[in-house]
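# Overview (structure and organization)
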Amino acid sequence: MKIVIAIIKPFKLTEVRDALSGLGLEGLTITEVKGHGRQRGHTEIYRGAEYSVSFIPKLRVEVVVPAERVDAVVSAITASARTGHIGDGKIFVHDIDRAVRIRTGETDHDAL
């Protein structure tokens, strides 16, 4: 099993969720996060004053999938989250050693 973690622009959430649903994935976790990459934030103008925004709001999307489905999930997220502009985000893939559904006690693939 693998966990796919995607950092995306907030307005792309519906498209990403729809793409993952299209693959038959039933669950995901969303967290509001802030950060920056190469762009190191940006400047904005508010009431005539310019100020620097160091950390840009993003969403962290996490989904646990069987290892054989990782490439399809990464492709779906990439296609649905891409705008072609700086700050589109990143995708990380990690191993999951064990999963347990608390309600039933099911483990690993059955817990997904």
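Residues numbered from 1 in each chain as written. Predicted model: local features only at pLDDT ≥ 70, side-chain atom pairs only at ≥ 80, totals over all residues. Heavy atoms only, no water.

Per an unreviewed UniProt entry, the protein is named Nitrogen regulatory protein P-II, and its organism is Segnochrobactrum spirostomi. The record held by UniProt for the protein lists under Subunit (unreviewed entry) the comment "Homotrimer." UniProt lists a comment for the protein under the heading Sequence similarities (unreviewed entry), and it reads "Belongs to the P(II) protein family." (UniProt positions renumbered as here; feature names shortened; annotations may be inferred.)

Contact pair helix α1 (residues 13-22) / helix α2 (residues 70-81): the axes reach a minimum separation of 8 Å and the direction vectors enclose 150°. The orientation of α1 with respect to α2, classified from their angle, is roughly antiparallel. Like other packed secondary-structure pairs, α1 and α2 cross with a definite hand, here right-handed. Along its contact with α1, which presents E15, V16, A19 and L20, the element α2 presents V73, A76, I77, S80 and A81. Partitioning the contact of α1 with α2 into residue classes produces seven nonpolar, one polar and one charged. (Axes fitted to C-alpha atoms, helices over the stretch in contact; angles between N-to-C directions. Helix = DSSP H or I, 4+ residues; strand = E, 2+ residues; numbered from the N terminus. Parallel < 35°, antiparallel > 145°, perpendicular 65-115°, else oblique. Left-handed = near helix turned anticlockwise from the far one by under 90°. Contact = heavy atoms within 4.5 Å. Nonpolar A, V, L, I, M, F, W, Y, C, P; charged D, E, K, R; others polar.)

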